[in-house]
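Examination of the molecular architecture
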Amino acid sequence: MNDIATVRGYLTGLQDRICAAIEAADGGARFAEDVWVRDADGADAGDNPQAGGGGRTRVLREGAVFEQAGIGFSDVSGSALPPSATAARPQLAGASWRAVGLSLVFHPRNPYLPTTHANVRHFRALRDGETVAWWFGGGFDLTPFYPFDEDVLHWHRTARALCEPFGGQARYEAHKRWCDEYFFLRHRGETRGVGGLFFDDLHDDFERDFGYLRAVGDGFLDAWLPIVERRRDAPYGERERAFQLYRRGRYVEFNLVWDRGTLFGLQSGGRTESILMSLPPLARWEYGHTVAPGSAEARLADYLRPRDWLGESA
């Protein structure tokens, strides 16, 4: 098949399904859609005069469960790859490109309900209209503020189960480890959360690799919705809310300092509003912030390091 139109159709359908599920889970607010075009005549073309394509960004705000939930589809192209891409793949310097992808970040209001992120994408590099390289990438990860082992185990069991037809335990371990390594804040010496799956440059067999991308995309709701139902109504107070906002600052730090997708989007003349949709609506920083030893907040530190979550429950 090797058909980018088929990948595009899957991603737009996945966006529709996830939006419907999140609106149902929230029970009140609805997504607002922003359809945008990225071309040489529009402001979204940035510094790339040959930029093309567009997308649809959907954002749900001030819901009963979600303070902000953003999910964006994009289908964009350009005449040359930015430095962040060619640094790792110098053989593609000067190639044109096309990328289709779906990315989401959900920031719940309740501090006991984690923030979550997922992304699935397909990339092609072209010369004279012919594909010279292609790959799939994606994954999902979980960022709790007050972690519960039940939630973390469910998240990773779901990830492992969807890997089963694609290499089983070996695939899960490799992409779980990749997630731990990618979502690591080197300047803080901690992971962004409790991980999940992350993969990039998957290009062995188009049909099989596309099947894995669909498994990850479809598996996100299986991993996420049970946690929403368990934690959405947990009582909390000002202390928990303040800690949530402080820890959201770490999320901002990762996305703006280390995330390759953010860098690629900005360097390729991407649409800034959609790229920065992942940032929380509210966050805080505090110089010299500490937590009381033995407190609920202190528990988090032990979760922000790579761990074999399923080792004792395989």
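Residues numbered from 1 in each chain as written. Predicted model: local features only at pLDDT ≥ 70, side-chain atom pairs only at ≥ 80, totals over all residues. Heavy atoms only, no water.

Comments concerning the packing of aromatic side chains
Any aromatic ring pair is given by two values, namely how distant the centres are and how the planes are angled relative to each other. Rule in force here: For Phe, Tyr and Trp, where Trp contributes only its six-membered ring, two rings pair if their centres lie within 6.5 Å, and the inter-plane angle classes them as stacked under 30 degrees, edge-to-face over 60, or tilted in between. Here the term buried applies to any residue with accessible area under 20% of the maximum for its type, exposed to any over 50%, and partly exposed to those in between, with areas from a 1.4 Å probe on protein chains only. Counting as a charge over the ring demands two things of the Lys NZ or Arg CZ atom: a distance within 6 Å of the ring centre and an angle within 35 degrees of the ring normal.
A complete count under the given rule lists 26 aromatic pairs for this structure. With a centroid separation of 5.6 Å and an interplanar angle of 20°, the aromatic rings of Tyr303 and Trp309 are classed as stacked. Tyr303 sits in the buried class, given a relative accessible area of 5%. Here the aromatic cluster, defined as three or more aromatic residues joined through ring pairs, consists of Phe66, Phe106, Phe140, Trp155, Phe220 and Trp224. Geometry around Phe210 places Arg214 over its ring, the cationic atom sitting 4.4 Å from the centre. Between Arg231 and the ring centre of Phe148, over which it is positioned, the NZ or CZ distance is 3.7 Å.

Quick notes on the pairing of strand 6 (residues 130–143)
Heads up, the rule is: Only runs of H or I of at least four residues qualify as helices and only runs of E of at least two qualify as strands under DSSP, and these elements are numbered from the N terminus. Being paired, for any two strands, means DSSP has found at least two bridges between them.
In terms of residue burial, strand 6 counts as a mostly covered element, since eleven of its 14 residues are buried. The pairing of strand 5 (residues 115–127) with strand 6 spans 13 bridges and is antiparallel. Bridged to Asn119 within strand 6 is Gly139. Between strand 5 and strand 6, which pair antiparallel one after the other, the connecting turn spans two residues, and Asp128 there sits at a positive phi close to 55°. Where strand 6 meets strand 9 (residues 195–202), six bridges bridge the pair, whose relative direction is antiparallel. Bridge assignment links Leu142 to a residue of strand 9, and that residue is Gly195.

Notes on the sheet that holds strand 3 (residues 66–78)
Put simply, the rule is: For every element, the axis is a line fit to its C-alpha atoms; helices are fit only across the contacting stretch, and the angle between N-to-C directions ranges from 0 to 180 degrees. The contact definition used throughout considers only heavy atoms, calling two residues in contact when any of these lie within 4.5 Å.
Spatially, the seven strands line up as an open sheet ordered 1-2-3-4-5-6-9, and their pairing is antiparallel. In this open sheet, the two edge strands, each paired with only one partner strand, are strand 1 (32–37) and strand 9. Between one strand axis and the next, the sheet turns by 5° as a mean value, whatever way the strands run. As paired strands, strand 3 and strand 4 (residues 96–108) are joined by twelve bridges and run antiparallel to one another. The partner of Phe66 across the bridge, within strand 4, is Pro108. The strands touched by helix 4 (residues 168–182) within the sheet are strand 6 and strand 9, with strand 9 carrying the most contacts at an inclination of about 100°.

Some words on the packing of helix 3 (residues 149–163) against helix 5 (residues 206–231)
Put simply, the test is: Oblique is the label for any angle not covered by the other classes, which are roughly parallel (under 35 degrees), roughly antiparallel (over 145) and roughly perpendicular (65 to 115). A clockwise turn of the near helix away from the far one marks a right-handed crossing, whereas an anticlockwise turn of less than a right angle marks a left-handed crossing. Each residue gets one label: Ala, Val, Leu, Ile, Met, Phe, Trp, Tyr, Cys and Pro are nonpolar, Asp, Glu, Lys and Arg are charged, and the others, such as Gly, are polar.
The N-to-C vectors of helix 3 and helix 5 enclose an angle of 160°; their axes lie 9 Å apart at closest approach. Viewed along their axes, helix 3 and helix 5 adopt a mutual orientation that is roughly antiparallel. Judged by the twist between their axes, the crossing of helix 3 over helix 5 is right-handed. Within the contact between the two elements, helix 3 uses Glu150, Asp151, His154, Trp155, Thr158, Leu162 and Cys163 and helix 5 uses Tyr212, Ala215, Val216, Gly219, Phe220, Asp222, Ala223, Trp224, Pro226, Ile227, Arg230 and Arg231. Looking at side-chain class alone, the contact of helix 3 with helix 5 contains eleven nonpolar, three polar and five charged residues.

Some words on the nonpolar core
The line we're drawing: Among buried residues, the Ala, Val, Leu, Ile, Met, Phe, Trp, Tyr and Cys ones that are joined through side-chain atoms within 4.5 Å form a nonpolar core.
Grouped together as the largest cluster of nonpolar side chains are 55 residues, with contacts concentrated most on Phe140, Phe220 and Trp224. Looking at this core, the elements with two or more residues in it are helix 1 (4–26), strand 3, strand 4, strand 5, strand 6, helix 3, strand 9 and helix 5. When neighbours within four sequence positions are excluded, Trp224 is seen to be in contact with Ile22, Phe66, Phe106, Pro108, Leu113, Pro114, Thr116, Leu142 and Trp155. Core analysis: the next-biggest nonpolar cluster, separate from the first, contains twelve residues, Trp97, Ala99, Trp135 and Phe264 among them.

Focus: the UniProt feature "site: Important for dimerization" (unreviewed entry) in the chain
We count it as follows: UniProt positions are given in the numbering used here, feature names are shortened, and annotations may be inferred rather than shown by experiment.
Taking the numbering used here, the UniProt-annotated feature "site: Important for dimerization" (unreviewed entry) corresponds to His187. Tracing the backbone shows His187 in the loop between strand 7 (184–185) and strand 8 (190–191). Residues contacting His187, with those up to four places away along its chain left out, are Glu253 and Trp258.

Side note on the side chain of Asp259
Here is the rule we go by: Under this rule, positive means Lys or Arg and negative means Asp or Glu; His and the chain ends count for nothing. Only one rule defines a salt bridge in this text: a Lys or Arg side-chain nitrogen within 4 Å of an Asp or Glu carboxyl oxygen.
Topologically, Asp259 is positioned in the loop between helix 6 (238–257) and helix 7 (260–267). Buried charge without a partner: Asp259 forms no salt bridge, and the closest opposite charge is Arg192, 5.6 Å away. Ignoring anything within four residues of it in the chain, the contact list for Asp259 reads Tyr182 and Phe254.

Some remarks on helix 4
This is how it is decided: The span one expects for a helix is its residue count, reduced by one, times 1.5 Å.
Relative to the 21 Å expected for 15 residues at 1.5 Å per residue, helix 4 spans 21 Å between its end C-alpha atoms, a close match to the ideal helical length. All buried positions along helix 4 are accounted for by Gly168, Arg171, Tyr172, His175, Lys176, Cys179, Asp180 and Tyr182.

Quick word on a nonpolar patch on the surface
Applied cut-off: A patch consists of residues whose relative accessible area exceeds 30% and which take part in no salt bridge; residues with like charges are grouped when within 9 Å of each other, and nonpolar side chains (Val, Leu, Ile, Met, Phe, Trp, Tyr) when within 5 Å. The method behind every accessible area is Shrake-Rupley, applied with a 1.4 Å probe, and residues are considered shielded solely by the protein chains displayed.
A cluster of nonpolar side chains, contributed by Leu256, Val257 and Leu276, occupies part of the molecular surface with about 250 Å² of accessible area. Tracing the backbone through its elements, the reader meets Val257 in helix 6.

Brief notes about the pattern of salt bridges
In this structure the tally under the stated criterion is 28 salt bridges. In this structure, Arg30 and Glu23 form a salt bridge, with 3.5 Å as the shortest nitrogen-oxygen distance. Residue class for Glu23 comes out buried when judged on its relative accessible area of 16%. Note that Glu62 is salt-bridged to Arg109, the shortest N-O span being 3.1 Å.

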